[in-house]
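# Geometric and topological summary
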Amino acid sequence: MDNLKYLPFAQIDLQDPFFDSLKQDYVEFSQWFVKKAQAYAYVLYSAQDNSIQGFMYLKTEEKVDDVTPPILSSALKIGTFKFNPQQTLRGHRFLKKALDVAIHQNLRYVYLTVFAKHEGLIKLIETYGFYRHGEKQSDNGTEYVYVRDLSLIQGDILKDYPLVKPQSVNKYLLAIEPKYHTALIPEAILNNERLDIVKDVSHSNSIQKIYLSAAHNAPELKKGDLLLMYRKSDGTAPAAFRSVVSAVCTVLEVKNIHDFTDEKKYLDYCEKFSVFSKKELCQFYANKRYPHIIRFAFNFAFPKRPIRRQLIDDVGISTERLVLMAITDQQFNHILKLGNINENFIIHQT
């Protein structure tokens, strides 16, 4: 089953070796952990031996006055954020969760403190819009304070992530085969799907994704265009009721398979972020059946999944076979409304 869990501290083993480095960095960690018995944290467990591989604790604070300079507003604190690197982009999965929580709680700021030695974590959070705000002094030493201001629009897809700006960009429905859909976008899992199809692998954990398509109009996609992911029917019911819109994503780049001079360069680009196996990718490279390589950022899932019947009857989407279909601004907004999207994810400024 899915190995990312949301558990009370009382059910988490403090003696797991995972916590040894935190105990070394923070002298009060064990005592603090025990006091948090009724609080909850996100924990990533290994599917092989059930050992802890990642941990994140979130806390909402009315103001932050123990850092310099203070943050005089409500903020979501990432109180503990650690993961064992395994080249599976686990940190992305945790960071996505923290940003989503802040947005759903209508909080302007997200912050965390980090020692300078944790260069990998600093690089990750800077990629997604965190900036060095100040410092925090404690018995454990000096920590940097990194802040993400969700009201600060930087005009960069990743630094503004997971917010989307729908003005002046094109919108599309992109069809995804059911067997790939949830492994690629685990937050968009359907209620009747097995949890064990979501693995601790890079294409599931990562914010950035890659999908190969044969859509003839894929070269039209431009950086910043918005994709509504359309999960095709799995055949268990008529497509009108089984095909659904599941998520909103932003185009980062589109390449053609012929852009790569050899298979190794193609695999280096695709393999980490693609849901396709290495064998499948090699087959695609050989036969060029899916020549368009779409790299995109997964922004957010639909709380309610509009079905194909609604798209046709209510939104006015064509009944023709859907691969990559351009839609109007009005249709895009209508689909968002059908999906009960949280407006906090949308940048409304021009």
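Use the structure listed above.
Residues numbered from 1 in each chain as written. Predicted model: local features only at pLDDT ≥ 70, side-chain atom pairs only at ≥ 80, totals over all residues. Heavy atoms only, no water.

## Here's the deal with the nonpolar core
Core analysis: the biggest nonpolar cluster contains 96 residues, and Leu227, Leu228 and Tyr266 have the highest contact counts within it. When residues of this core are assigned to their parent elements, the largest contribution, 7 residues, is made by helix α3 (residues 90-104). Of all hydrophobic cores here, the second largest spans 18 residues; its members include Leu7, Leu14, Phe18 and Leu22. (Core = buried A, V, L, I, M, F, W, Y, C linked by side-chain atoms within 4.5 Å. Buried < 20%, exposed > 50% of the residue type's maximum accessible area, 1.4 Å probe, protein only. Helix = DSSP H or I, 4+ residues; strand = E, 2+ residues; numbered from the N terminus.)

## A word on the sheet that holds strand β8 (residues 171-176)
If you trace the 6 strands from one edge of the open sheet to the other, you get β9-β12-β11-β10-β8-β13, paired in mixed fashion. Here the strands that pair on one side only, and so sit at the sheet edges, are β9 (208-213) and β13 (324-327). With strand direction ignored, the average angle separating the axes of adjacent strands in the sheet is 40°. Where β8 meets β13, 4 bridges bridge the pair, whose relative direction is antiparallel. By the bridge assignment for β13, leucine 173 is matched with methionine 325. (Pairing = 2+ DSSP bridges. Axes fitted to C-alpha atoms, helices over the stretch in contact; angles between N-to-C directions.)

## A closer look at helix α9 (residues 278-287)
Restricting attention to buried positions, one finds in α9 the residues Glu280, Leu281, Cys282, Phe284 and Tyr285. Against the buried residues of α9 lie α5 (178-184), β9 and α8 (263-270). Positioned one or two residues after α9, lysine 288 has a phi angle of 55°, which is positive. (Contact = heavy atoms within 4.5 Å.)

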